[in-house]
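Structural description and commentary
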Amino acid sequence: QVQLVESGGGLVQAGGSLRLSCAASGSIFSINTMGWYRQAPGKQRTLVAHITSGGSTYIADSVKGRFTIPRDNAKNTTYLQMNSLNPTATAVYYCHAILSERSRIPIFRTYWGQGTQVTVSS
């Protein structure tokens, strides 16, 4: 069974950096895209960044220039490198993936990680 396991969240001071990890495990045939959403208390969940199988990336304007989304294909892992953090980044960050499991006819499905809390203090 495919799962997305997140790690790397925690407490950091404003101006600091944090790196989140998301590892996809299980019988994976193909990963179409992996990325990150975040949701602050009382706010809507929004897309932060994603990367496609071809290496194309999307970074939300609000974090562009400060966040990047590197990956390690051999480990089916993507990261969210967050630099120059400010308190507005405080949220639960959810890994998201669209991938197919090994089968005769692979079907792409959406998967979510468990969420990891990021808190930026000032």
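Cut-offs used in this document
Residues numbered from 1 in each chain as written. Predicted model: local features only at pLDDT ≥ 70, side-chain atom pairs only at ≥ 80, totals over all residues. Heavy atoms only, no water. Disulfide = S-S within 2.5 Å. Helix = DSSP H or I, 4+ residues; strand = E, 2+ residues; numbered from the N terminus. Buried < 20%, exposed > 50% of the residue type's maximum accessible area, 1.4 Å probe, protein only. Phe/Tyr/Trp six-rings, centres within 6.5 Å; stacked < 30°, edge-to-face > 60°. Lys NZ or Arg CZ within 6 Å of the ring centre and 35° of its normal. Contact = heavy atoms within 4.5 Å. Pairing = 2+ DSSP bridges.

It is worth spelling out the state of the cysteines at this point. Taken as a whole, this structure holds 1 disulfide when the rule is applied. One disulfide in the model links Cys-22 with Cys-95; its S-S distance is 1.9 Å. What sets the handedness of the Cys-22 and Cys-95 disulfide is the S-S torsion sign, and at about -85 degrees it is left-handed. On the criterion of sequence distance, the pair formed by Cys-22 in strand E3 (residues 18–25) and Cys-95 in strand E10 (residues 91–101) is long-range, its members being 73 residues apart. Taken individually, Cys-22 and Cys-95 each receive the classification buried, so the pair is uniform in this respect.

Moving on: the packing of aromatic side chains. Given two aromatic rings, one states the distance between the centres and the angle between the planes to describe the pair. A complete count under the given rule lists 1 aromatic pair for this structure. The ring centre of Tyr-79 lies 3.9 Å from the NZ or CZ of Arg-19, which sits over that ring.

With respect to the helices, strands and loops of the structure, Ser-21 is situated in strand E3. Among all residues touching Ser-21, those that are not within four sequence positions of it are Val-5, Glu-6, Ser-7, Trp-36, Thr-78 and Tyr-79.

This next bit is on the pairing of strand E12 (residues 116–121). The two faces of E12 differ: Thr-116, Val-118 and Val-120 on one face are buried, but Gln-117, Thr-119 and Ser-121 on the other face are not. As paired strands, strand E2 (residues 10–13) and E12 are joined by 4 bridges and run parallel to one another. Each residue of the ladder has a partner; that of Gly-10, found in E12, is Val-118. In this structure, E10 lies alongside E12, joined through 3 bridges in antiparallel fashion. The partner of Ala-91 across the bridge, within E12, is Val-118.

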